[in-house]
Structure formats: C-alpha cells, structure tokens
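Read off the chains here:
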Amino acid sequence: MKTFGRRTFLRGAALLGATAVGGSWLTSTASAGPPIGPHEAIVRDAAMVWHELPLEQWAGPLLGNGSVTTQVFGDQRGIAFTDLVRLDLAGTPTGARWQLDLWNAELTGTVTTTRGAVELSALVHRQTGVLMVTVTPSGGEVAARWAGKVVGRHEVFLVGGTGDPQHLLTTHRAWWNRLYTNSFVSLPDTSVQRFHVIQQYHAAATVAPGTALASVPSMLAGANQVALLVNVDTAPPLSLAAIPGTGSKGGAAENSVMAWNLPALWSLHEHRGDSPDAAIPLLRRAVDFYRAFLVRGSDGFLHLPVTHSPGHGDVADCTYDLALLRWAAGLLGEHDLVRDLVPYHIGPSGLMLGAGRPLTRSHRTAAHLVGLFPLHDSGISRDVAQRSYRHWASMREDWTVDSHVAAASLAARVREPNAAAGHLRHVLDLNAWSVPFGVSQAVLDLVVHGRSGAVDVFPSIPDGWDEVSVESLRVPGACLIDASRSRGRTDWVRIRGAKGQSLLVGHDIEDVRVTDPNGTPLPAVAEEAGIRVTLPPSGAVVLSRRGHVPDLLPRVVSRSRTADATSSKA
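What comes next concerns the included structure. Worth saying up front: this structure is predicted, and the values here are computed from it rather than measured. (Residues numbered from 1 in each chain as written. Predicted model: local features only at pLDDT ≥ 70, side-chain atom pairs only at ≥ 80, totals over all residues. Heavy atoms only, no water.)

1. Considering the overall build of the chain
Helix and strand counts for the chain stand at 15 helices and 30 strands. For the chain, the residues scored as buried account for 56% of the 570 residues in total. Counting contacts in the chain only where the partners sit at least 6 residues apart, residues at least 24 apart contribute 63% of the total. (Helix = DSSP H or I, 4+ residues; strand = E, 2+ residues; numbered from the N terminus. Buried < 20%, exposed > 50% of the residue type's maximum accessible area, 1.4 Å probe, protein only. Contact = heavy atoms within 4.5 Å.)

In structure tokens, the structure reads:
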C-alpha cells in the first residue's frame, strides 16, 4: 500500500485564504440546494477545498479504495496522479480551485493556465480500483495531453481497468454514501466534527475491508484505532489480524503481548463479535512466557524481575509489563494469577514506572499508563488514574503531535473531558502535515466508552458540548449505540445488538425508563455503575427520561461558541 501525507485541518473562517507550501485547503460548508439528511449534511460540511494548485504530493487531495491510492498535485507542466498517470497542460498554471467531495469521494475543480482552462473530475472506483478522470479543456488547453495523447475535447479516461463510466460512478457513490451511515457524530464544535469526518474518509480510502492488521498503515494499526476501523467497515476478520513474531528486533525486546498486537486483536474480537480462537493461543503463550520468571516475594505477591519500561529503561515490577500481563491473564480466566500479581506501585503523582521509580521527566509516550488506555484496567481507581494522567501531561517538553493525540483519548478515559478537548484543539491548530488517525478515535472516546459487557454513553463531554447526536457507533459486544443529548443532558440512548445480550449501561438520564423502540416497558436492574438491560427479541432497547417521547433519529446539532472556546485550552 502506498504511503501518503496529509495537511492538517485548517480551523474556521479566520484561516480563509491561508496558504502553505504547495497549496492550502480548508473545509467548505454544503452548498444551498434541496434538503438533505443529517449524514450527508455533516459530510458535505467537511468538504475540502484547495484555492491554489497543490505543488507537492503530500499537499494534494487523496483518492483511494484501500488497495489503490493516489494523490493529485501539480507542477509548472501539468497535473500528476501519483504513480499512475499525468495530464500535461498546454500552458503554465495560473490558478486553481479544487473540491474534494467526501460524500461521493470525488475530486472536482478547474485549473486555469496561460493558454486556457481545464475542468476535471476524478475518483478511484471503490469496488474495482479503476482511476476515472473526466477532462474538459477550453481555449488553448484543447492541446493538453493525457498520457501523451492530445485531449482535444471532453474525455473520460479510465486507468487500471475498463467499465461503463456511468455505472462506475453510480456504484462508487452508493458505497461511499452508505459508509457514512456508520459512526455518525454531530458535535457543536464543528472543527472537531469536520476533522472526524475527514479522518473517516482517509481511513476508508487507505484501508480495504479484510486487510490483515499487519498490513494496515502504522498510524492505524494498534488497539487505539480499532474502533475507528470497525466504524468505517475496514477492520479485518479476526483470523487475519494475528501477527506473531513481530516487534522483537531493534533495541530492547518488546513485551510479547504488544509484539503480537494482542490488544488490537482482542479489541477486534470484542467489536466484531468474531471467535477469539486466533487470540487465545497467543495470549496463553505470552502469559506463560512471564509465568516462567515471576518470583514470589516475602509479601506473598508475585513480582517481575527487571524488565524494560519503554522510554525509561530497566525497572523491577515494571508497570507497563504488569498491566499487559494482568490484562492477558484476566482474559484467560487465570484469576489466581491476577490476584497474586504485585499491585501497581503508586506514588503521590499516581502510577509509577515500577518499584521505586516515579516518572520524573517528560516523555512523548505514556507507556506506563497502558493499563488506563487502551487496556482500561477497572482495578485502577479514578483518583489514581487522574493523578497519573495529570502528572504525565504536566511535563510536555518532549511531546510530539502523537503525544497530544494519545493524551486526548487518555484524558477522555479518565474523565478529564475539557483537557481532552484541549489536546484535540492543540493538534488541529498545528501547522503540521502528518496528523495521526487517533484524533478521530479520541472523538469516539469522548462520546462512548465501550468494554466487554458494558458501555458508558456520553461519559466525558467537554463544557460547551450541550448538544451531541450519534448513531451506529460500534462498541465491544458488537452492539451499535445511538444517542442524543440536548440542553446539557442526555435525552435518550438506543442500543442495538443480539437478542438476549446483557449489557451494563452507564448514563446520566434522570428518572430513566427502559423500553423497546415502540415504547413497551422492559425489565432492567439498577446497579452502582449504571443500569443492566437485556436486549429483547427485537434486539433493541431504549433508555429515556420518563415522560419524554424520544425521536430516535440522528440530527445535525447547532454550533456552540462555548465549545470552541473551551477546547482551545490545553
């Protein structure tokens, strides 16, 4: 798979016309026209517009179907489609206006030159990978050449295959329009909402369904981004995801749990509901590897000898290793081992690197906090979790863009929503050309927390996000979550899944009632962490305020200035 670069999201009308090397782009609101549904509305609102010709590959629009990707950019002689073909212009480019319509995954626009103009449209057909480009020259640009052949007039060119252009266009658009019914998120902070849509598009354009996890670009591979993959329908079947034997070369040996990418593997199982058979043998091998050198201490606990804490060196009772071992053993049902493992070493600032080793300097990663994210160890109290996050986040000298992206999800998980929004804003404000897909994952972490047998809806909502609407967010347990929030409170939650499935739902609905989608009451049991529901034969259950009749449809929420101001503080 070809690699690619991406421009950062340019925030708001204040940056209208701002330029960077090779060109500029910003989001454009949907044009006036017939009423459109909420899915189409938020995607069209995120359309990307170039006001000048991008002169470098990384600055150009990306088109792809996961297997075939290309970026479109220009030079003084013409327009290139990376590694595929080029259009040589008759004149020298003097201006351009391009729009990448994310709803249809299609690039349209015009290039003006010293000889005339060329209108073009381009797409990489979703099902076949054929590059289809329509070229309409005017003036002296009728002399433009496509792959060495004079264009002369309106032409449709196919690269990499054949087919009827109208059929290709129709089937391509239908696939992409369907895609955006997954992972619908409407937020009052439109900058964050638009970037989430853009990253959905890029994930779907660069990762084909059924791709083995080992082949997924590094910015998407890993437990942190699995929810994004499954929500854009590109996650591989569990049987393709196992990658034993990787991560053991170069520097300190990788923990076997992470070397085999087991958190991502297991997260796929939980989200998709696949059989865990591919993961169980690897989990057992990883646990057995550590079991061989655990040492019983005088305190009665099993201790780890000196192992490597990523970024910090060797340490006994390494928190990173303990968290991964505890997680793997728990999945295997080895409760005696989990009980006997030495507790995490905790100091005034929260989780330590290991025995006698507090975190004392800045580091771009928070490997010692892996138990908080992405493993979600419920044995770590919220107080310890928040102190640990705040301590790591207080030392940012060595942080990178990736650090802020990880910190956004981590803050969301430890219930520090305003801090999470601040990290997102920091990333969106950077004039950087490579932004991790974790930004979109952090958005999902703010609105829904899922774990095996449980889900928390709107658990970490920043100030100013008084209205939020989500639909079809896939969570562990292969459930889909739809929900709506207005005036600063949750109106309703709908959970769709398998008949008879039991789920603990965390929520903030006062005087909650539980029904099926038709309003028929259903039994439920209140627990300390939420309410336990069992999905009825219809496979759907609705939580709502008593006396409130929910409108179980997604909606585009209104913009909030408070949300923009809150998330500008990191």
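2. Describing the packing of helix α3 (residues 190-206) against helix α14 (residues 438-447)
Interaxial distance between α3 and α14 falls to 9 Å at its minimum, and their mutual angle equals 120°. Taken as axis vectors, α3 and α14 run oblique relative to one another. α3 and α14 meet at a crossing whose hand is left-handed. For the pair α3 and α14, contact is made by Val192, Phe195, His196 and Gln199 and by Val439, Ser440, Val443 and Leu444, respectively. Taken together, the residues of the contact of α3 with α14 sort by class into 5 nonpolar, 3 polar and no charged. (Axes fitted to C-alpha atoms, helices over the stretch in contact; angles between N-to-C directions. Parallel < 35°, antiparallel > 145°, perpendicular 65-115°, else oblique. Left-handed = near helix turned anticlockwise from the far one by under 90°. Nonpolar A, V, L, I, M, F, W, Y, C, P; charged D, E, K, R; others polar.)

3. A few points about the sheet that holds strand β25 (residues 489-496)
In space, the 6 strands of this open sheet follow the order β14-β23-β24-β25-β30-β27, with antiparallel pairing throughout. Every other strand in the sheet has two partners, leaving β14 (184-186) and β27 (512-515) as the edge strands with one partner each. Between one strand axis and the next, the sheet turns by 15° as a mean value, whatever way the strands run. (Pairing = 2+ DSSP bridges.)

4. Overview of helix α8 (residues 280-291)
Here α8 spans 16 Å end to end across 12 residues, near enough to the 16 Å set by a 1.5 Å rise per residue. For α8, the secondary structure elements touched by its buried residues are α6 (256-259), α7 (262-272), α9 (319-331) and α10 (335-340). (Expected span 1.5 Å × (residues − 1).)

5. Quick notes on helix α2 (residues 165-179)
Along an α-helix, a turn takes 3.6 residues, which lines up residues three or four apart on a common side. For α2, which comprises 15 residues, the first-to-last C-alpha distance of 21 Å matches the rise-based estimate of 21 Å (1.5 Å per residue) to within 8%. Taken residue by residue, α2 has Leu168, Leu169, His172, Trp175, Trp176 and Leu179 as its buried positions. What you see down the axis of α2 is that its buried residues fit within an arc of 140°, all on one side. Residues of α2 that are exposed and angled more than 90 degrees away from the buried face: Gln166, His167 and Arg178. The inward-facing, buried residues of α2 contact β3 (62-64), β8 (106-113), β9 (116-124), β10 (131-139), β13 (155-159) and α3. (Arc of directions from axis to C-beta.)

6. Here's the deal with the environment of Ala328
Summarising the element assignment, Ala328 is placed in helix α9. For Ala328, a relative accessible area of 1% gives the class buried. Between the alpha carbons of Ala328 and Leu282 there is a distance of 9.6 Å; along the sequence they are 46 residues apart. With residues near it in sequence (within four places) discarded, Ala328 still touches Val257, Leu283 and Val287.

7. Quick look at the packing of aromatic side chains
Under the counting rule described, the total for this entry stands at 10 aromatic pairs. Measuring from centroid to centroid gives 5.3 Å for Phe289 and Tyr290, while their planes differ by 85°, and the two rings are edge-to-face. When its relative accessible area of 4% is taken as the criterion, Tyr290 is described as buried. By way of ring pairs, the aromatic residues Trp103, Trp175, Trp176, Tyr180 and Tyr201 are connected into one cluster. Taking the ring centre of Trp175 as reference, the NZ or CZ of Arg126 above it sits at 3.8 Å. Positioned over the ring face of Tyr344 is Arg326, at 4.6 Å from the centre of the ring. (Phe/Tyr/Trp six-rings, centres within 6.5 Å; stacked < 30°, edge-to-face > 60°. Lys NZ or Arg CZ within 6 Å of the ring centre and 35° of its normal.)

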